[in-house]
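An overview of the molecular structure
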There are 2 protein chains.
Amino acid sequence: MQTVLYPEKNTWEALCQRPQLPVADLESLTCQIFDEISKKGDDAVKKYTGFFDGVIPENLQLNEDEITKGAAKISTELKEAIQLAKANIEAFHAIQKEQKKSVETTPGVSCWRENRAIDKVGIYIPGGSAPLFSTVLMLAIPAKIAGCKEIVLCTPPNKKGNVNSAILYAAQLTGITKIYRIGGIQAIGAMTLGTETIPKTYKIFGPGNQYVTAAKQTALSYGVAIDLPAGPSELLVIADSTANPEYVAADLLSQAEHGPDSQVVLLSDNKEIISKTAKALTKQVNTLPRKEITLKALNNSKAILLSDLAECIAFSNLYAPEHLIIASDNAENYIDDVTNAGSVFLGNYSCESAGDYASGTNHTLPTNGYATSYSGVSVDSFIKKITFQKITREGLQNIGPAIEVMAAAEQLEAHKNAVSIRLKDISNE
Amino acid sequence: MQTVLYPEKNTWEALCQRPQLPVADLESLTCQIFDEISKKGDDAVKKYTGFFDGVIPENLQLNEDEITKGAAKISTELKEAIQLAKANIEAFHAIQKEQKKSVETTPGVSCWRENRAIDKVGIYIPGGSAPLFSTVLMLAIPAKIAGCKEIVLCTPPNKKGNVNSAILYAAQLTGITKIYRIGGIQAIGAMTLGTETIPKTYKIFGPGNQYVTAAKQTALSYGVAIDLPAGPSELLVIADSTANPEYVAADLLSQAEHGPDSQVVLLSDNKEIISKTAKALTKQVNTLPRKEITLKALNNSKAILLSDLAECIAFSNLYAPEHLIIASDNAENYIDDVTNAGSVFLGNYSCESAGDYASGTNHTLPTNGYATSYSGVSVDSFIKKITFQKITREGLQNIGPAIEVMAAAEQLEAHKNAVSIRLKDISNE
């Protein structure tokens, strides 16, 4: 971890730069696979599953028996943990459903918005070494609360053609019934285009490797929406003298273990906290099974000493971290000052892994500085807000003349005429 | 207008297809101009303003005097119309600001969301023949209600280097002070990258021609968010026997006059309404100054006879129109059935041009079928919702063991350890 002491303000922007990662140009590959899926459907999906995952499944969709038997395989302890997480995630997302509010902007002119679920959504869950069953909860729960009618889940099979049991349990618990053993580009392509067995969806959610990321970009060009732009996971910790360096180190490591490209930043107004955290990092990292990955991530990371907490918050707002921990007994004093972040953890007991799994907040969040303009996934991500208006005769008499004047000034006579033809009738009545 | 009688359900999807428009490949041009702006700043912006707009402005930014004098030039009648529209748009958008709701998901675990305005936003307003001052209201008002700190407005100059007076008046009325006389790719590039005089922004809003659309795509690849994917404007009218064919024709024409690529669809369960509307269209179109454009748009448009209103609504949901008028005295009976639309106009006096200008709803809406997954612009478009959590010792004792089990099952030991290290301390206290 590189330490930077009292950097000049004009260097902050450079310090906030994420390392530029080499991006493989996979566009022609994704376009080729999408094109083949549009022409050959399931056959193309099976072919590429054989090619990328080393297995050609007879049935792409899991049947009820496979889901039930697979889901039953995990331990009772893990089932209960997932149940607890589900209850908390549900409780937090349930309060996000907005009530209808109507306003009469002018007598006779009523305007309001109504929530409508996105009819068909796709959820992608990576398989591989770490099965992200927690992401099933984070996407399926808000989709269900929003009221999405068709929820499609794709996740890659192992070499035997099976799907991870914890993923199946989380899917079953959240009421997902359409589960397909496909991954990568072919999964995103199938949910974009639809095949004989896999429904076409309107919006695709979920994390993935560079192939999945490239395929989601291609999906966008086919008119399908996606959850968020992709980027490596990030954590910024602001620690003052009341922080516990052992906890700060543990939190930084929990982010660093995600991958060698994970971003970890420590800000403090206290030199001792930084040096103690560095020591704790060195000690704790040795106990980790993913030590090699974690050390690579720490190599890219920075500890920055600033003059006070106000500067730390200002720097954090410029960086716009995915996750922000304010490791201070006085964390709540700084809430109003945080303007750019995906999710904020207050105090010395609010560790980031709580939000990753079980406190209730969503873990699908904006990375790579996108917290300046994007929110994380919520029930909002699964709904559209449609505006409605009802104008009475009286209402049109009240606002019609203004519309006529404005339309004429924009040289849109037919817009004006749509009002004039009605007002004429009303005045002749 | 092509008439289709009782089409089979399996043909509906094809009937919903928008015509594929030839898209010029402008990516290399936009990338070249963005690159030049990143290196040469204002000089590059001026150079391309000279090239595309035929004028090289001395000062890119309008000063206060220019804004005030320009804004004063429009008629009192137009000023009053814009004021009325502003009041209604403000009233409707003010109710969109959500109140903070907190939930204790587990004793000791509090989670909530806080709204934060996007700090810096850019508004693009096309100039040219029809100055879209109404779009200034539709974007500046929600930006102000959201609390955006820096709002940048770019609009192209005329050959004399001046900006349209109605645009200046709308900007002044809504409190926009940073106005730049630049348009097209160079405007979007400047708001993406920032120059000596034009601030870099985090999200860019507003309509435009193919150059602006291409530049907004390039802005996305630079990490700047945009409002909505672009597409030609659309109107679908559902008319039953209680509709007035003259009004329906006037509404269809108000959409068709936007451009030759505008989409217009009429659905009805009543053959007579369709034939009477067709006659009214032929009569009314002759009176329009934009007759040529309008006739071209009508050539691409369809009137479809279906068996009942339920079928009309189902077809409309599949089409997912930007604007939907339900021209029926019983329009309110169908509200709950509408699942995909940008903005809905209920009854025979709610003409679409009311929503374009003055009823209060926003006119920046999803086109091209994107109403399946996107909402129109609202206060939400100018804010992020940041999740916060505060976990106490007791809270961590309650949810910590579940996090440990889940993290271990995802093979993320450092995530587990961030909890374990704290729980150990708590149990030793």
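Residues numbered from 1 in each chain as written. Chains lettered and ligands numbered in written order. Predicted model: local features only at pLDDT ≥ 70, side-chain atom pairs only at ≥ 80, totals over all residues. Heavy atoms only, no water.

Condition: UniProt positions are given in the numbering used here, feature names are shortened, and annotations may be inferred rather than shown by experiment.
If you check an unreviewed UniProt entry, chain A appears there as Histidinol dehydrogenase from Flavobacterium beibuense F44-8. Listed under Catalytic activity (unreviewed entry) in UniProt, the entry text for chain A is "L-histidinol + 2 NAD(+) + H2O = L-histidine + 2 NADH + 3 H(+)". Of the comments in the UniProt record for chain A, the one headed Function (unreviewed entry) reads "Catalyzes the sequential NAD-dependent oxidations of L-histidinol to L-histidinaldehyde and then to L-histidine."

**As for a negative patch on the surface**
Stated formally: Surface patches are defined over residues having more than 30% relative accessible area and no salt bridge, joining like charges when they lie within 9 Å and nonpolar side chains (Val, Leu, Ile, Met, Phe, Trp, Tyr) when within 5 Å. Method for areas: the Shrake-Rupley scheme with a 1.4 Å probe, in which residue coverage is limited to the protein chains shown. Between Lys or Arg on one side and Asp or Glu on the other, a salt bridge is scored when a side-chain nitrogen of the former is within 4 Å of a carboxyl oxygen of the latter. As used throughout, the charge tally considers Lys and Arg to be positive and Asp and Glu to be negative, leaving His and the chain termini uncounted. Every charge is mapped onto a representative atom, which is NZ of Lys, CZ of Arg, CG of Asp or CD of Glu. Secondary structure is summarised from DSSP: a helix means a run of H or I of at least four residues, a strand means a run of E of at least two, and numbering begins at the N terminus for each.
Judged by side-chain charge, Asp-25 and Glu-27 of chain A together with Asp-25 and Glu-27 of chain B come together as a negatively charged surface patch. With respect to the secondary-structure elements, Glu-27 of chain B resides in helix α2 (residues 27–40).

**Regarding the packing of α2 of chain B against helix α3 (residues 42–53) of chain B**
Residues and elements named next belong to chain B. Where we set the bar: A fitted line through C-alpha atoms represents every axis, and for helices the fit uses only the stretch in contact; the resulting angles, taken between N-to-C directions, go from 0 to 180 degrees. These descriptions rest on fixed angle ranges, namely under 35 degrees for roughly parallel, over 145 for roughly antiparallel, 65 to 115 for roughly perpendicular, and the rest for oblique. Residues count as neighbours in contact if any of their non-hydrogen atoms are within 4.5 Å of one another. Throughout this entry, Asp, Glu, Lys and Arg are counted as charged residues, while Ala, Val, Leu, Ile, Met, Phe, Trp, Tyr, Cys and Pro are counted as nonpolar. The remaining residues, Gly among them, count as polar.
Where α2 contacts α3, the axes come no closer than 6 Å and their chain directions differ by 140 degrees. Taken together, α2 and α3 sit at an angle that is classed as oblique. In contact with Leu-29, Gln-32, Ile-33, Glu-36, Ile-37 and Lys-40 of α2, α3 contributes Asp-42, Asp-43, Ala-44, Val-45, Lys-47, Tyr-48 and Phe-52. Residue composition of the contact of α2 with α3, by class: seven nonpolar, one polar and five charged.

**Observations regarding helix α8 (residues 184–193) of chain B**
Residue and element names in this part refer to chain B. The condition is simple: Each residue is placed in one exposure class: buried if its accessible area under a 1.4 Å probe, protein chains only, is under 20% of its type's maximum, exposed if it is over 50%, and partly exposed if it falls in between.
Of all 10 residues making up α8, nine are buried, and the element is well covered by its neighbours. Within the sequence span of α8, burial applies to Gly-184, Ile-185, Gln-186, Ala-187, Ile-188, Gly-189, Ala-190, Met-191 and Thr-192. Those residues of α8 hidden inside the fold are in contact with α2, α3, β4 (120–124), β5 (150–154), β7 (203–205) and α9 (210–221). At the C-terminal side of α8, Gly-194 shows a positive phi close to 80 degrees.

**Points about the interface of chain B and chain A**
Heads up, the rule is: Pairs of N or O atoms are called polar contacts if they sit within 3.5 Å, as long as, within protein, a hydrogen donor faces a hydrogen acceptor (for residues adjacent in sequence, only side-chain-to-side-chain pairs). Two strands qualify as a pair provided DSSP detects at least 2 bridges between them.
The interface is formed by 120 residues belonging to chain B together with 120 residues belonging to chain A. Counting across the chain B and chain A interface gives eight salt bridges. Linking Lys-385 of chain A and Asp-380 of chain B is a salt bridge whose minimum nitrogen-to-oxygen distance equals 3.2 Å. Joining chain B to chain A, the criterion identifies 69 residue pairs in polar contact (both at pLDDT 80 or more). Bridging between strand β14 (residues 383–391) of chain A and strand β13 (residues 343–346) of chain B involves four bridges; their strand directions are parallel. Looking at the pairing, Thr-387 of chain A lines up with Ser-343 of chain B of β13 of chain B.

**What to know about the sheet that holds β5 of chain B**
Residues and elements named next belong to chain B. Reading across from one edge, β6-β5-β4-β7-β8 is the order of the five strands in this open sheet, with parallel pairing throughout. Of all the strands in the sheet, the pair left with one neighbour each is β6 (178–180) and β8 (225–226). One ladder, built from three bridges, connects β5 with β6; its direction is parallel. In the strand pairing of β6, Cys-154 is matched with Tyr-180.

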